[in-house]
Amino acid sequence: MTADAYRQIIDTFFGHSPYADFDARGGSAAPQGWGQHNPVFEKLIHEVQPRLIVEVGSWLGASAIRMADLLAEQNIEGTIVCVDTWLGSAIHWREETYRRQLNLKNGYPRLYHAFLANVVAAGRQETILPMPQTGENAARMIGSLGLVAELIYIDGDHEGTAVYADLMNYWPLVAPGGVMFGDDFVAEWPGVVRAVQMFAHKIDLPIERIDEKWIIRKP
Ligand SMILES: C[S@@+](CC[C@H](N)C(=O)[O-])C[C@H]1O[C@@H](n2cnc3c(N)ncnc32)[C@H](O)[C@@H]1O
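Residues numbered from 1 in each chain as written. Predicted model: local features only at pLDDT ≥ 70, side-chain atom pairs only at ≥ 80, totals over all residues. Heavy atoms only, no water.

Here the focus is the packing of aromatic side chains. Overall, the coordinates contain 10 aromatic pairs when judged by the stated rule. Plain terms: the ring middles of Trp-171 and Phe-199 are 5.7 Å apart, the flat faces sit at 75 degrees to each other, and that makes the pair edge-to-face. Of this pair, Trp-171 sits in the loop between helix H8 (160–170) and strand S5 (174–182) while Phe-199 sits in helix H9 (residues 190–203); the two residues are 28 residues apart in sequence, bridging distant segments of the chain. An aromatic cluster of at least three residues, connected via ring pairs, comprises Trp-34, Trp-59 and Tyr-98. The aromatic ring of Trp-171 is capped on one face by Lys-218, whose charged end is 5.0 Å from the ring centroid. (Phe/Tyr/Trp six-rings, centres within 6.5 Å; stacked < 30°, edge-to-face > 60°. Helix = DSSP H or I, 4+ residues; strand = E, 2+ residues; numbered from the N terminus. Lys NZ or Arg CZ within 6 Å of the ring centre and 35° of its normal.)

See below:
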């Protein structure tokens with residue numbers, strides 16, 4: 001079913017490929033990310049053999065490109081739907097290094113085009129599909145197509161209430177036997193830790209950890 005997720009999403013929501021007529025020149029930025037080389041990606045992709053991955057929070061594409069490379073290495077024909085407003089979180093506006101990457105024009109970020117350029121530069125546009133939406137809207141849109149994902153990576157807004165909302169919105173989209181996992185289960189992000197713990201308690205499932213990544217498996 002999910003082999004066609006890529007086409008289904010384009011046909012329903014875009015009308016044509018978001019890469020059509022995209023001029024990648026001049027828009028790219030080094031795909032700086034957070035922990036994309038953590039072994040969790042390889043381990044979970046190997047275990048779950050996902051046909052559909054949803055990533056909530058993609059920034060410049062580093063983690064999505066890493067997952068796309070792993071799918072290719074493991075000969076898995078999968079789609080990665082990247083959900084992001086590409087507007088950044090509060091921390092990205094406050095800190096100069098990140099603000100530079102937002103590449104503001106008239107006060108509005110140009111992150112999305114850098115993301116697209118990075119995906120094209122990596123040659124992964126057949127695998128990675130951007131969904132420029134809030135996490136909440138995108139969950140509804142994906143859900144409305146009846147799609148479920150074997151892997152969902154939560155790395156969007158790190159404020160506690162926002163993380164909890166992502167967990168609640170995306171858990172129904174995890175396929176049975178699938179996995180939801182995420183970044184920054186560390187003391188520096190108490191909102192992430194609290195939200196994941198509260199959620200795991202609510203659904204009565206254990207949290208596994210690999211370094212700063214958390215993992216919850218759906219029975
Ligand atoms: C930590 S970055 C993602 C990093 C990426 N996974 C990587 O490792 O390269 C968080 C992203 O979440 C996005 N974001 C923040 N709030 C969001 C929301 N409500 N809906 C969708 N995306 C959001 C930001 O625009 C930002 O790009």
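What follows concerns the site of the ligand. Lining the immediate surroundings of the ligand are 21 residues, of which Gly-57, Ser-63, Asp-84, Gly-88 and Asp-155 lie closest. Between the ligand and the protein, one listed contact pairs an oxygen atom with a backbone N or O atom of Trp-59 at 3.3 Å. Relative to its unbound accessible surface of 610 Å², the ligand loses 91% to contact with the protein. The residue inventory of the shell around the ligand, partitioned by class, reads 5 nonpolar, 12 polar and 4 charged. (Near = heavy atom within 4 Å. Polar contact = N/O pair within 3.5 Å; in protein donor to acceptor, adjacent residues only side chain to side chain. Areas by Shrake-Rupley, 256 points an atom, 1.4 Å probe, with all protein chains shown as cover. Nonpolar A, V, L, I, M, F, W, Y, C, P; charged D, E, K, R; others polar.)

Overall, the coordinates contain 9 salt bridges when judged by the stated rule. Note that Lys-213 is salt-bridged to Asp-183, the shortest N-O span being 3.0 Å. Remark: Asp-183 occurs in the loop between S5 and H9 and Lys-213 occurs in strand S7 (residues 213–217); sequence separation between them is 30 residues. Each of Lys-43, Glu-47, Glu-208 and Arg-217 takes part in salt bridges that share partners, so that together they form one network. (Salt bridge = Lys/Arg side-chain N within 4 Å of Asp/Glu carboxyl O.)

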